[in-house]
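Architecture and fold: a report
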Amino acid sequence: MNRRSFLKNTLVGAGALALPGFALPSLAAGHARKPAVLRLCSQEGRIPGKTLKEKVANLQKYGCVGIEFGGNPANRLAEIKDTLKGTGIKVAALCWGSQKGDLVSLDLEKRKGGIEAIKSALNTAAELESNGVIFVPCFHKQSDLKPEELDKILFDILPAIGDYAKKVGSRVLLEPLTKKETFYINRLEQAVAICNKLNNKGICMMGDFYHMSLEETDQTQAFVTAGKWLHHVHIATRDHRILPAQEPHSFVEGFKGLKQIGYQDFCSLECGCKKGTNPEEEVPKAFECLRKQWDEAKI
Ligand code: MG
């Protein structure tokens, strides 16, 4: 089976093939769109500082407006809320992951546990007024199923999870990853196909410049295709997944896409700091580089 006929057999693939017909709903209808904003943010671990308070103070100093936490910080609600109060720094997505592929497991007890775990993360996300919970169905070696079998499971479980997310005031954010990390959902258009089919505001998606620069042929179009479903962005360079400005990497084409869709959510650092360099110097430079490239992205 060649790649094209393989793709036809999966919904994720069908979405990809439907791409040429995809229209920009608001632009096509001639509606005014809010201008996009660059809301800079970082994962907690990337920011210099010994305590959350120090990290938040640094984020303020760097002109950022968000912080992203890993996993489900349910046991840190008071600490996070108290520290962020009055700082102008909001909680961005929770970088939650795959729960070892449990949500798409054929072991129904595992699947049930996975669903309970993502619901708990959605509660935390809502409590922190975050923009959602990042979800990867499975990394390599976490599922032996074929993409079309994984599609089927997702369409079984996601409607109820999406309804739950809406009820508590949050959303799931599907994250496409490079083929180096998963065989399932590698490009934004594949996540779009899932979001479109479910048409549930509790199930949305994100884009990560690192994965996108390995998998997408047109970064502008990838974000334009994601359109209204896109609610988070990760930032990292392509070759070594490090800070912007630490190796040559242009975010401009992707930023053009974000501008075209009037993107209003966070762009969050998810990257390392080049070995031997000082994060206190390099992290602010990375944000400056992103601001410069945002300005260079003309539409
Ligand atoms: Mg990411």
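Residues numbered from 1 in each chain as written. Predicted model: local features only at pLDDT ≥ 70, side-chain atom pairs only at ≥ 80, totals over all residues. Heavy atoms only, no water.

In terms of regular secondary structure, the protein chain is built from 12 helices and eight strands. Out of the 299 residues in the protein chain, the part that is buried amounts to 56%. In the protein chain, the share of contacts with a sequence separation of at least 24, taken over all contacts with a separation of at least 6, comes to 78%. Surface exposure of the protein chain reaches about 13,700 Å², of which carbon and sulfur atoms provide 51%. (Helix = DSSP H or I, 4+ residues; strand = E, 2+ residues; numbered from the N terminus. Buried < 20%, exposed > 50% of the residue type's maximum accessible area, 1.4 Å probe, protein only. Contact = heavy atoms within 4.5 Å. Areas by Shrake-Rupley, 256 points an atom, 1.4 Å probe, with all protein chains shown as cover.)

Taking 1.5 Å per residue, 20 residues should reach 28 Å; helix α6 (residues 108-127) reaches 29 Å between its end C-alpha atoms and fits that length. Within the sequence span of α6, burial applies to R111, G114, I115, A117, I118, A121, L122, T124, A125 and A126. Elements that come into contact with the buried residues of α6 comprise α5 (77-84), β3 (90-97), β4 (133-135), α7 (147-168) and β5 (172-174). The N-cap of α6, judged by a side-chain oxygen 3.0 Å from the amide nitrogen of E109 a few residues on, is D107. (Expected span 1.5 Å × (residues − 1). Polar contact = N/O pair within 3.5 Å; in protein donor to acceptor, adjacent residues only side chain to side chain.)

With that settled, the discussion passes to the confidence of the model for the protein chain. Interpretation of the predicted coordinates at a detailed level should be avoided for regions scoring low in pLDDT. Chain-level pLDDT for the protein chain is 92 on average; 89% of the residues reach the 70-or-more range. Predicted confidence for residues 1-8 stays below pLDDT 50, and this span has nine contacts to residues more than four positions away or in other chains. pLDDT under 50 marks residues 14-30. Its contacts with residues more than four places away, or in other chains, come to 19 contacts. (pLDDT = per-residue confidence, 0-100.)

Only E175 (OE), D208 (OD), H234 (ND1) and E270 (OE) from the protein coordinate the magnesium ion, and they sit 2.1 to 2.3 Å from it. Of note, the donors binding the magnesium ion are all from one chain and are spaced E-x32-D-x25-H-x35-E. Note that D208 is positioned in strand β6 (residues 203-208) and E270 in the loop between β8 (266-269) and α12 (279-296), a separation of 62 residues in sequence. (Donors = N, O, S within 2.8 Å, 3.2 Å for Na, K, Ca; no water.)

Attention shifts here to the packing of aromatic side chains. Under the criterion given, the structure shown has seven aromatic pairs. Judged by centre distance (5.0 Å) and plane angle (75°), the rings of F209 and F251 are edge-to-face. Residue F209 is found in helix α9 (residues 209-215), and its partner F251 is found in the loop between β7 (230-235) and α11 (252-260); the two are separated by 42 residues along the sequence. Note on F209: relative accessible area 0%, which makes it buried. Among the aromatic residues, those joined into a ring-pair cluster are F209, F223, F251, F255 and W294. The ring of F155 is capped by K197, whose NZ or CZ atom sits 5.3 Å from the centre of that ring. (Phe/Tyr/Trp six-rings, centres within 6.5 Å; stacked < 30°, edge-to-face > 60°. Lys NZ or Arg CZ within 6 Å of the ring centre and 35° of its normal.)

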